[in-house]
Amino acid sequence: MGSSQVYSRDGITVRMGLVGAVRYLKASWPVRYGLYHEIRTPSYLFQFSPEGVIRFIQGRPGTWHNHADWFKRTAGGDWVYYSSGGYNGAFSAIGEHYIPVFPYPSNGVIGEKAYPEETLEDALQALDALTDRAGEEADKAPPEVAAFWGRVARKNSRDVLDGLAARFHGLTHGPLTVLPPDCRHVDYDILPLRLARGCLYHCRFCGVKSRDTFAVEGREQVVAGAQFLADFFKGDLADMGGVFLGEHDALAAGAGEVIRAAEACIPLFEGKRRMADAPGLFLFGSPDALVGVSDAQWQALDRLPFHVQINTGVESLDEPTLGYLGRPTPLPLVTEAVARADEVNRRCSGVSVSLNMVTGSGLPESHHESLARFVASRDALDAPLYLSPLKGHADRRTTLNELIALKRMGRGSVFLYLLQRL
Ligand code: SF4
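Conventions and cut-offs
Residues numbered from 1 in each chain as written. Predicted model: local features only at pLDDT ≥ 70, side-chain atom pairs only at ≥ 80, totals over all residues. Heavy atoms only, no water. Pairing = 2+ DSSP bridges. Helix = DSSP H or I, 4+ residues; strand = E, 2+ residues; numbered from the N terminus. Axes fitted to C-alpha atoms, helices over the stretch in contact; angles between N-to-C directions. Contact = heavy atoms within 4.5 Å. Parallel < 35°, antiparallel > 145°, perpendicular 65-115°, else oblique. Left-handed = near helix turned anticlockwise from the far one by under 90°. Nonpolar A, V, L, I, M, F, W, Y, C, P; charged D, E, K, R; others polar. Buried < 20%, exposed > 50% of the residue type's maximum accessible area, 1.4 Å probe, protein only. Right-handed = clockwise from strand over helix to strand, strands pointing away. Domains from an automatic or database assignment. Salt bridge = Lys/Arg side-chain N within 4 Å of Asp/Glu carboxyl O. Near = heavy atom within 4 Å. Expected span 1.5 Å × (residues − 1). Phe/Tyr/Trp six-rings, centres within 6.5 Å; stacked < 30°, edge-to-face > 60°. Lys NZ or Arg CZ within 6 Å of the ring centre and 35° of its normal.

- Named according to an unreviewed UniProt entry, the protein is Elp3/MiaA/NifB-like radical SAM core domain-containing protein originating from Desulfoluna spongiiphila.

In structure tokens:
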């Protein structure tokens, strides 16, 4: 923790200017990153962004059964419940020590837990009560603390929070149906900037595709989009984990456009950044887009002041399964994309590529066989693999058993892809 200001009165403690971890950690306890402020009441711990917008709520001992769990408010206004205990093998399944429970249907293969609606409502009522008493608290507090109470009152009523989420979605063409799985490395604290809309393939199996024909945004729109993000987040920008270049295949805009968009985002992370790691630049890249990047472009991506993290859906290494999925990528292209992903991971320190493949009970047996052969051949330095359970075709127990069996076969990383929206 850095130097902070502490003020207590009538059982309420305000701590301002707290500095959490400056590197993203894989932890099962509630780690906070960068600068934040908090208000501790006898029942709850409320943590706010530097601008004074609520980010985390946690029940204190006696309020919640498991007081190591917490709610996190996303910029899109969802309250994600982070369940830090009670799941054996969470890390093995998703690569994190907690399980996020979403207030919307996602691939519920991992979590059995129902979303804790009532617990959230109680916590939000406690936040309402806090904002209601902010004026009275401000009158009795020293000027800096009073100014913080003022921000808490202005920015955290339910109407204002709903309005903030609506404005965020308006600026970012959201809600975004899915983020790359690698965003977990920065706890999904990303700034979405659309570089291209739609996708190349319009696969039959996909539940997240947009109907749009693939189209690249104009350069002026991308620069304006970055400026909108700066105006929206203001002081909360500095400790964000990175940028997500949307939507479903930003790499198909061309590596040159990706680099230009990244350059437009550099100012977003300058100034007061406390995080020690380079911000992430997350994007999806189709097999066609991945194999289309030249050596010189990989080198240019590697030099960016971002950790570029590309996620490529290869879906299957089995021709009949690609046909079953309605995925118009011939097997040689898929194989070439995998080879390119592995090569990039070995050659570039600033760029990594991860792969996705589907799983599910309705798929041809030849898919599961090719998947097992593939995983058995992987090495620790190869591209990590995420498994996407097919909607409606993936039984929880079967999927987890398959995952455990796969993890024992090779030395590469295999995790489940947890679909998170923003
Ligand atoms: S899997 Fe990817 S390429 Fe296929 S339809 Fe969905 S978003 Fe488009």
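Okay, back to it.
Details of the sheet that holds strand β6 (residues 70-73)
Paired through backbone hydrogen bonds, the strands of a sheet run either parallel or antiparallel to each other.
Piece 1. Pairing is antiparallel across the open sheet formed by eight strands, whose spatial order is β1-β2-β3-β4-β5-β6-β7-β8. The sheet terminates laterally at β1 (5-9) and β8 (99-101), the two strands that pair on one side only. For this sheet, the mean angle separating the axes of adjacent strands, direction not counted, is 20 degrees.
Piece 2. Here strand β5 (residues 54-59) runs beside β6; their pairing, made up of two bridges, is antiparallel. Opposite F56, over in β6, you have K72 as the bridge partner.
Piece 3. Strands β3 (35-40), β4 (44-48), β5, β6 and β7 (79-83) of the sheet are contacted by helix α2 (residues 117-132), whose axis makes an angle of about 70 degrees with β4.

Here we look at the packing of helix α7 (residues 255-265) against helix α9 (residues 295-303)
Helices that pack against each other are described as a pair by the angle of their axes relative to one another and the distance between those axes.
Piece 1. Relative orientation of the contacting elements α7 and α9 amounts to 15 degrees, with a least axis distance of 10 Å. If you check the angle between α7 and α9, you find them roughly parallel. Between α7 and α9 lies a crossing of left-handed hand. Between α7 and α9, the contacting residues are A255, G256, V258 and I259 on the first element and Q297, A300 and L301 on the second.
Piece 2. Grouping the constituent residues of the contact of α7 with α9 by class yields five nonpolar, two polar and no charged.

Here we look at the sheet that holds strand β16 (residues 385-389)
Piece 1. Reading across from one edge, β9-β12-β13-β14-β15-β16-β17 is the order of the seven strands in this open sheet, with parallel pairing throughout. Edge strands, defined here as strands with exactly one partner in the open sheet, are β9 (190-194) and β17 (414-416). Averaged over all pairs of adjacent strands, the angle between their axes in this sheet comes to 25 degrees, without regard to strand direction.
Piece 2. Summarising the sheet, strand β12 (residues 242-246) and strand β13 (residues 280-284) pair through four bridges and their orientation is parallel. Note that in β13 the partner of V243 across the bridge is L281.

Focus on the pairing of β13
Piece 1. Of all five residues making up β13, five are buried, and the element is well covered by its neighbours.
Piece 2. Of the two faces of β13, the one lined by G280, F282 and F284 and the one lined by L281 and L283 are each fully buried.
Piece 3. The parallel pair β12 and β13 is bridged by α7, and the resulting crossover is right-handed.
Piece 4. Relative to strand β14 (residues 307-315), β13 runs parallel, the two being bridged by five bridges. Residue pairing for β14: G280 is matched across the bridge by H307.

Quick look at the domain arrangement of the protein
Piece 1. Domain annotation of the protein identifies domain 1 (5-157) and domain 2 (173-416).
Piece 2. One C-alpha centre belongs to domain 1, the other to domain 2; they are set 29 Å apart.
Piece 3. With 28 residues of domain 1 in contact, the opposing surface of domain 2 contributes 26 residues.
Piece 4. Here domain 1 is connected to domain 2 by five salt bridges.
Piece 5. Of the charged contacts in the structure, one is a salt bridge between K72 and D187, with a shortest N-O distance of 3.2 Å.

Observations regarding the site of the ligand
Piece 1. Close to the ligand lie C199, Y201, H202, C203, F205, C206, K209, H248 and R327, which account for all nearby residues.
Piece 2. Grouping the amino acids of the shell around the ligand by side-chain chemistry returns five nonpolar, two polar and two charged.

Here's the deal with unusual backbone geometry
Piece 1. Across the junction of G174 and P175, the peptide omega takes the value -5 degrees, indicating a cis bond.
Piece 2. Tracing the backbone through its elements, the reader meets P175 in the loop between α5 (158-172) and β9.
Piece 3. The omega angle of the peptide bond from G246 to E247 is -5 degrees, so this bond is cis rather than trans.
Piece 4. Along the chain, the position of E247 falls in the loop between β12 and α7.
Piece 5. Of note in the backbone geometry, Y188 takes a positive phi value of approximately 65 degrees without being a glycine.

As for the environment of C183
Piece 1. Along the chain, C183 turns up in the loop between α5 and β9.
Piece 2. As for C183 and V152, which are separated by 31 residues in sequence, their C-alpha atoms are 28 Å apart.
Piece 3. Among residues more than four places away in sequence, those in contact with C183 are Y188, I190 and F282.

Remarks on helix α12 (residues 365-376)
Piece 1. Over its twelve residues, α12 runs 17 Å from end to end, which matches the ideal 16 Å to within 8%, given 1.5 Å per residue.
Piece 2. Burial in α12 covers these residues: H367, H368, S370, L371, A372, F374 and V375.

Describing the pairing of β7
Piece 1. By the criterion of burial, β7 is predominantly enclosed, with five of the five residues buried.
Piece 2. Inspection of the sheet shows β6 paired to β7 by four bridges, in the antiparallel sense. Considered in β7, the bridge of W70 is made with Y82.
Piece 3. Once β6 ends, the chain turns through five residues before running back antiparallel as β7, passing G77 with a positive phi of about 90 degrees.
Piece 4. Of the strand pairs in this sheet, β7 and β8 are connected by three bridges, and their pairing is antiparallel. Looking at β8, one finds that Y82 is bridged to P100.

Observations concerning the environment of N345
Piece 1. Within the secondary structure, N345 sits in helix α11 (residues 331-347).
Piece 2. Measuring from C-alpha to C-alpha, the distance between N345 and L381 comes to 7.0 Å, with 36 residues separating the pair along the chain.

Examining the packing of aromatic side chains
Piece 1. Throughout the structure, instances matching the rule amount to 20 aromatic pairs.
Piece 2. A centroid spacing of 4.9 Å and a plane angle of 15 degrees characterise the contact between W70 and Y82, whose relative ring orientation is stacked. Pair noted here: W70 is in strand β6 and Y82 is in strand β7, with a separation of twelve residues, a long-range link.
Piece 3. By relative accessible area, W70 is classed as buried at 3%.
Piece 4. Here the aromatic rings of W70 and Y98 are separated by 6.1 Å at their centres, their planes lie at 65 degrees, and the arrangement is edge-to-face. Of the two residues, W70 sits in strand β6 while Y98 sits in the loop between α1 (90-94) and β8, which places them 28 residues apart along the sequence. The same class applies to W70 as to Y98, namely buried.
Piece 5. Chaining the aromatic ring pairs together yields one cluster made of Y44, F46, W64, F71, W79, Y81 and Y115.
Piece 6. Directly above the ring of F415 sits R184, whose terminal nitrogen or CZ lies 4.9 Å from the centroid.

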